[in-house]
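Coordinate analysis (summary)
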Amino acid sequence: MSRLALVTGGTRGIGAGIARALKDAGYNVVVNYHSDDAVADSFAAESGLAVFKWDVGDFDACRAGIEEVRTAHGPVDILINNAGTVADARFENMDEAQWHRVIRVNLDSVFNMSQQVYGDMMAAKWGRIVNIGSMNGQAGQMNQVNYVAAKAGMHGFTKALAQEGAKHGITVNTVAPGYVDTYLMREMPERILNKIVDKSPIHRLGTEDEVGHAVLYLVDEKAAWTTGATLTVNGGTHMY
Amino acid sequence: MARVALVSGGTRGIGGAIAQSLHGNGYKVAAVYARDDEAAEGFHKETGIAVYKWDVGDFVQCQAGIAQVVSDLGPVEILVNNAGITRDATLHRMAHEQWQAVLDTNLGSCFNMCRCVIDTMRDGGFGRIVNIGSINGQAGQYGQVNYAAAKSGIHGFTKALAQEGAKPGITVNAVAPGYVDTDMVRAVPEPVLEKIVASIPVGRLGRASDIARTVLFLVADDADFITGSTISVNGGHHMY
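A brief report on the enclosed structure follows. (Residues numbered from 1 in each chain as written. Chains lettered and ligands numbered in written order. Predicted model: local features only at pLDDT ≥ 70, side-chain atom pairs only at ≥ 80, totals over all residues. Heavy atoms only, no water.)

Regarding the packing of aromatic side chains
- One pass over the structure, following the stated rule, counts 8 aromatic pairs over all chains.
- An aromatic cluster of three or more residues is present, and its members are A:Phe91, A:Trp99, B:Phe59, B:Phe111 and B:Phe157.
- Positioned above the aromatic ring of B:Phe126 is the side chain of B:Arg3, whose terminal nitrogen or guanidinium carbon lies 3.5 Å from the ring centre. (Phe/Tyr/Trp six-rings, centres within 6.5 Å; stacked < 30°, edge-to-face > 60°. Lys NZ or Arg CZ within 6 Å of the ring centre and 35° of its normal.)

Considering the pairing of strand S5 (residues 127-132) of chain B
All names here are of chain B.
- Where burial is concerned, most of S5 is hidden: 6 out of the 6 residues are buried.
- Of the two faces of S5, the one lined by Gly127, Ile129 and Asn131 and the one lined by Arg128, Val130 and Ile132 are each fully buried.
- As defined by bridge partners, strand S4 (residues 78-81) adjoins S5 across 4 bridges and the pair is classed as parallel. For Ile78, the partnering residue across the bridge sits in S5 and is Arg128.
- Handedness of the S4-helix H4 (residues 96-124)-S5 crossover: right-handed.
- One ladder, built from 6 bridges, connects S5 with strand S6 (residues 170-177); its direction is parallel. Across the sheet, residue Val130 finds its bridge partner in S6, namely Asn173. (Buried < 20%, exposed > 50% of the residue type's maximum accessible area, 1.4 Å probe, protein only. Helix = DSSP H or I, 4+ residues; strand = E, 2+ residues; numbered from the N terminus. Pairing = 2+ DSSP bridges. Right-handed = clockwise from strand over helix to strand, strands pointing away.)

A word on the packing of H4(B) against helix H6 (residues 145-165) of chain B
Residue and element names in this part refer to chain B.
- Two elements in contact, H4 and H6, have axes whose closest approach is 8 Å; the angle formed by their N-to-C orientations is 15°. By the angle between their directions, the pair H4 and H6 is classed as roughly parallel. Of the two elements, H4 crosses H6, and the hand of that crossing is right-handed. Residue-level inspection shows Gln98, Trp99, Val102, Leu103, Asn106, Leu107, Cys110, Phe111, Cys114, Ile118 and Arg122 of H4 in contact with H6, the latter providing Val145, Asn146, Tyr147, Ala149, Ala150, Lys151, Gly153, Ile154, Phe157, Leu161 and Glu164.
- Of the residues contributing to the contact of H4 with H6, the split by class is 15 nonpolar, 4 polar and 3 charged. (Axes fitted to C-alpha atoms, helices over the stretch in contact; angles between N-to-C directions. Parallel < 35°, antiparallel > 145°, perpendicular 65-115°, else oblique. Left-handed = near helix turned anticlockwise from the far one by under 90°. Contact = heavy atoms within 4.5 Å. Nonpolar A, V, L, I, M, F, W, Y, C, P; charged D, E, K, R; others polar.)

What about the pattern of salt bridges?
All names here are of chain B.
- Scanning the entire structure with this criterion turns up 20 salt bridges over all chains.
- Between Arg3 and Asp221 there is a salt bridge, and its shortest N-O distance comes to 2.9 Å. Highlighted residues: Arg3 in the segment before strand S1 (4-8) and Asp221 in the loop between helix H9 (208-219) and strand S7 (230-233), separated in sequence by 218 residues.
- With relative accessibility at 44%, the residue Asp221 sits in the partly exposed group. (Salt bridge = Lys/Arg side-chain N within 4 Å of Asp/Glu carboxyl O.)

Describing the interface of chain B and chain A
- Across the boundary between the two partners, chain B contributes 40 residues, which contact 41 residues of chain A.
- Across the chain B/chain A interface, buried area totals approximately 3,400 Å², and carbon plus sulfur atoms make up 63% of it.
- Taken as a group, B:Leu91, B:Phe111 and B:Glu164 account for 21% of the area that chain B buries against chain A, more than any other trio of residues on that side.
- Along the contact surface separating chain B from chain A lie 1 salt bridge.
- B:Arg122 serves as the salt-bridge partner of A:Glu92, at 3.0 Å between the closest nitrogen and oxygen.
- In this structure, the connection of chain B to chain A is made through 21 residue pairs in polar contact (both at pLDDT 80 or more).
- Secondary structure elements with two or more residues in the side of chain B that touches chain A: H4, helix H5 (135-139) and H6 of chain B. (Buried area = accessible area lost by both parts, 1.4 Å probe. Polar contact = N/O pair within 3.5 Å; in protein donor to acceptor, adjacent residues only side chain to side chain.)

Shape descriptors only; they carry no functional weight alone.
Written as structure tokens, this is what we have:
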């Protein structure tokens, strides 16, 4: 029996790259999304993967969503907390709603989702949780106090849960991507994009598949001794 | 003119020591507390430091509270975000409320408090923000996914705001205490505490004064080239 993997925010961008990589490696994959039905429908048609719609920032919606997945596909063995959002503003202009939205979707979601699948993983004595953090969570970034706080918080969450999961055969790790060539980057002015590319010794953006590859490495059966780790995938842009 | 410093959670434990140390070094100090009126009154009587009661996890209360401090003492130039709580439980037993309370008080408070002082710091061309993180935010801790996520979130928050504050003369740093001899640590069962102390290379718990002197160092006028940094004060307990 193939393991069942769930990828949040998995119908586009990095999440879609991860979902494709897992599918190609032979995992059963289901994908969660929240906002864009049209994108989700075309992703489902193109990939043949089941898509489920709920807001990962909402605890009760996660409970209902996971219940639905469990009924249709069985318990989740592998959880990829990838869903994220941005609401950039300079701190002096950032309002409370922007702060809360980003913390809720990027960090609360990790609690909401992990808590729903953790019991099944304990019962199975096996589990893989991979949280998609960010280079900006490690290095800080102007205009992103909310995003950086959420992503850095995710790195702390990873290390705490890794300690708890160890005796149950559950590993918990973080992948911290740098700037990856997704639909989000294509909205960025070329001048800024060039500056970003220049900061990487490899002189290009990452690809969605390269993040997928890192996730594959961590969810593998043989990766059982890797836990609480942060794997940076950023073209050498930030080293520490 | 003495600078005005505000310490949250400042009437006991680490925060109390920070407030006293700032007071003793000539700063005008306001100590904020949330619950324990008796401890706060005792602290005020003993030290002469002004105490204010509000919940730093609540944005509206922070707005009103800071306005009161400003009208009593003048604009806040030094902010020490020290207030914090724990609601420990392993993930599969952690209630959503335990997650939310710790995130709101420990991380949301940094947004709330900083947001309410940032404009006057920018206008004044000077500011010192010190966020009290934790060794458990750096290293993770069993039974503390909420606390570790919030505290490591603080470390990210620090780095992002440091980038924005650099130009207008505002430094933002974090202090990450290890196990310090306070009420919070004294609540740990004796055998567990003995194990903890045995794993600290310096061979003792920290003292609140160990943390206070680090804060004093960071808020000084001539500490203006130190920003976005995390100083670990943990007796060598976790090095990285």
